[in-house]
Amino acid sequence: MAPMRRESDTDHPEWFQKKRKSRPLIVARWVPIALVGLPVATLLAIVIYPTVWMFYHSLRDTNIQGLFMGTHSHIGFSNYADVLGSERFQDSLLHLAQYLTFGACLQVIIGTVLALTLYEFVKSNAIRTVVLIMLVIPMMLPPSIVGVLWRFLLTPSNGAVNQALLNLGLIEQHIEWFNAGISLWSIIIADSWNWVALPLLIVYSGRVSLPPAVYEAARVDGASQWKVMRRITLPMLKEVIAIAFILRFTDAFKFVDLVYIMTSGGPAQSSELPTYIAFQRGIREFAVGEAAAYAIIIFIISAVIITLFLKYMKGVMRARGFA
Amino acid sequence: MSGVSLQKVNKIYGSGADSVHAVQDLDLEVSDGEFVALLGPSGCGKTSTLRMIVGLESITSGQILFGDRDISHLDPQDRNVAMAFETYALYPNFTVADNLSFPLEVLGLPAELQRKKTDEIAELLRITDILQAYPPELSGGQQQRVSLGRALIREPSVFILDEVMSHLDAHLKFSMLFDLKRLHRELRRTMIYVTHDQVEALALADRVAVMSNARMQQVGDRNTLYNRPANVFVADFIGEPPTNFFRAEVAYHDHDTIISVMDSDLTLQPGTAAATSLRESQRKEVIAGIRPQNLGFAETAHFLTADVEISEYLGERSMLTVVNGTTRFQAIAPPDLRVNPGTSVRLYYEPLNVMLFDPETETLIA
Ligand SMILES: Nc1ncnc2c1ncn2[C@@H]1O[C@H](COP(=O)(O)OP(=O)(O)OP(=O)(O)O)[C@@H](O)[C@H]1O
Ligand SMILES: [Mg+2]
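All values derive from a computational prediction rather than experimental measurement.

### Looking at the pairing of strand β14 (residues 285–290) of chain B
Residues and elements named next belong to chain B.
Then, number 1: Of all the 6 residues making up β14, 5 are buried; the element is thus mostly covered by neighbouring parts of the structure.
Then, number 2: Across 3 bridges, the pairing between β14 and strand β19 (residues 355–357) is antiparallel. Paired with Gly-289 across the two strands is Met-355, which belongs to β19.

Shown next, in the form of structure tokens:
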């Protein structure tokens, strides 16, 4: 056999050579600039500019009139001081903590339990699919529908939930779902119904992709189902569950829609989350400067929490030798 | 501790048109403490058989007994078996040490004892240096040894080892075979060892079970398989290089039985026992087999004459490919033999070494 030879330019057929001569491979000077420039410009326009704009106004006493007339003045960090010092904001942080713990976190935990239960105890693929589809339907509804639906369901006098609880004998009186102290719980219930399928889907798909051979080995080694769950399944799903947490946490900081539709933060601001206040102050009351300060503070809190999470995940991955 | 007995075991995967009959009417008796190797070509159903013994695969029909206990339908957890998987199946989230000690953790052994046993087994398998590593970081051979270690660390009634040395270099394999053999002698536990490497199987096992095409072909020790193979498949599969087979006609003379190979002028002299049984059955055609090792240059009364076609020098020996008419066959020659292609040679044999098979059923006649 003849030794292998790399084809050189001279081996190309004539038509190719011609084509190459007539069309130089080096493109016009503006092409690379445009290719890089367009995305950069877009990024500047929709991310960087608004962020800088927002930060600028968080340092000024901008209101609606000032915004349009250009009459606003620098007031240093007093917007921040106002926000951090206000009882309304401090209460809303407590509400956020309540929502993160019993909304976001619990959703991930319930979603994980449901996903693993579905995988371990339902062996028929058809039934699994049907259950998954049913669980996913709430996620496909727009927030306005979810909010209105749950307002109906939770109506104290003749709402379906109270009726059901009464009929089951679990309560003796109507629960006043939209009273202070309870209204945030109502929002959390509606939100959980809406979103529990997201962590469920994430964890379920993670479980499906775990290698079955490992489970066979564990069975031969004599491990009980519980032992397998605790020592093998959950540790192997750690990253997947962390991703579900991150998704629900990032959503928590943007969570306005159901609050607005179901309670408008009330009664007496008892179900307000920080983002809702920012929305209320900025969009409805036009205190642009203060709303901007809210937004920046929320951004910092969420950035800190998410960064801690990512750090944790990196640590996990490194410990396993994957990164 | 117990023996293993498979009785008419069948495994059919799937159903209808695309079902696979992976194991067919398989019988196998392994006595308590015995080391049996399951040998056969790829895809013949070895792993399927093991998975049924372990309980990871349901049995389509038949019975499996441990001792005299029918375990055909027990969960793997309740069978007290240990298995090393062909695909390793290590726990990716455990270190090597944790992988090894997991079976002990399940048994609830104290941590101190777990650590001691882990160190012992790691020493035996030469993986002490990687005890803190995670499986994805290991080479194939290292993972294979961890998987073997996880099976050996317990003392179950039956060990099932599926191709546990296929990824090791020859040197390491040799010393580990030796260690495994020694371990078996110490533990005296029943072991079933799957491989498609006959050298491994013959070196390790008390008996070798040869499978092909979902069926058990023959179970026996080295001599039986080598000298009295049950059929053409076993004769062909066991021994390297493979046996020479000839389609031949039988002629009966007064006190002589002569086997003449078709498409050549070769004749073979069968052994006395074979000749007698041929005479009794008066069959006209046979498949005759003779191993290349049993054809040589040391003079005896019987020989085959043929022309040398190729002479290959293989280090410790030479291999001759010779031709007579259109019949080609092979013989082992001393390494220093130099013959030019085209030379006519006489290859001597003992009639005792001529194996005769029925041309229809391919089973051994005598
Ligand atoms: N889960 C399964 N579903 C369908 N067919 C299978 C399954 N497992 C094995 N088979 C088929 O059964 C036959 C025997 O497979 P098996 O794995 O037992 O072979 P083997 O002897 O272990 O081969 P190897 O030496 O390559 O490991 C093969 O034809 C294979 O395709
Ligand atoms: Mg196999």
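Having seen the model, we can carry on.
### A look at the interface of chain B and chain A
Then, number 1: Listed per partner, the contact involves 19 residues of chain B and 16 residues of chain A.
Then, number 2: Secondary-structure elements contributing two or more residues to the side of chain B that touches chain A are β6 (81–84) and α2 (96–107) of chain B.
Then, number 3: Class assignment of the residues belonging to the side of chain B that touches chain A gives a composition of 15 nonpolar, 3 polar and 1 charged.

### Let's talk about the domain arrangement of chain B
All names here are of chain B.
Then, number 1: Per the domain assignment, the segments of chain B are domain 1 (4–237) and domain 2 (244–357).
Then, number 2: Computed over C-alpha atoms, the centres of domain 1 and domain 2 are 39 Å apart.
Then, number 3: Taken residue by residue, the interface counts 4 residues in domain 1 and 5 residues in domain 2.
Then, number 4: The residue makeup of the side of domain 1 that touches domain 2, split by class, is 3 nonpolar, 1 polar and no charged.

### Things to note about the domain arrangement of chain A
Residue and element names in this part refer to chain A.
Then, number 1: Looking at the assigned domains, one finds that chain A contains domain 1 (48–85 + 287–323) and domain 2 (94–268).
Then, number 2: When each unit is reduced to the centre of its C-alpha atoms, the spacing between domain 1 and domain 2 is 29 Å.
Then, number 3: Taken together, the contact pairs 8 residues of domain 1 with 8 residues of domain 2.
Then, number 4: Partitioned by chemical class, the residues of the side of domain 1 that touches domain 2 number 7 nonpolar, 1 polar and no charged.

### Points about the packing of helix α5 (residues 87–121) of chain A against helix α13 (residues 238–253) of chain A
When two helices pack together, their arrangement is given by the angle between the helix axes and by the axis-to-axis distance.
Residue and element names in this part refer to chain A.
Then, number 1: At a minimum axis separation of 10 Å, α5 and α13 run at an interaxial angle of 145 degrees. Of the two possible hands of crossing, α5 and α13 adopt the one that is right-handed. The segment α5 lies against α13, with Tyr-99, Leu-100, Gly-103, Ala-104, Gln-107, Val-108, Gly-111 and Thr-112 engaging Ile-241, Ala-244, Phe-245, Arg-248, Phe-249 and Ala-252.

Cut-offs applied
- Per chain, residue numbering runs from 1 following the sequence as it is written.
- Chains carry letters and ligands carry numbers; both start at the beginning, A for chains and 1 for ligands, and go up in the order they are written.
- The predicted nature of this model means local features are confined to residues of pLDDT at least 70 and side-chain atom pairs, given and counted, to a pLDDT of 80 or more, with totals for whole chains, interfaces and linings taken over all residues.
- Residues with at least 20 neighbouring C-beta atoms inside 10 Å of their own are called buried, those with 12 or fewer are called exposed, and the rest are partly exposed, where every C-beta is derived from the backbone.
- Helix numbering and strand numbering both begin at the N terminus, where a helix is a DSSP run of H or I of at least 4 residues and a strand a DSSP run of E of at least 2.
- Only when DSSP finds a minimum of two bridges between them are two strands counted as paired.
- Contact between residues is assigned whenever the C-beta positions, reconstructed from backbone atoms, fall within 7 Å.
- Amino acid classes used here: Ala, Val, Leu, Ile, Met, Phe, Trp, Tyr, Cys and Pro are nonpolar; Asp, Glu, Lys and Arg are charged; the rest, including Gly, are polar.
- Residue ranges assigned to the domains are those given by an automatic or database domain assignment.
- Interaxial angles span 0 to 180 degrees and are taken between N-to-C directions of axes, which are lines fitted to C-alpha atoms, for helices over the stretch in contact.
- For any pair of crossing helices, the crossing counts as left-handed if the nearer helix is rotated counterclockwise from the farther one by less than a right angle, and right-handed if it is rotated clockwise.

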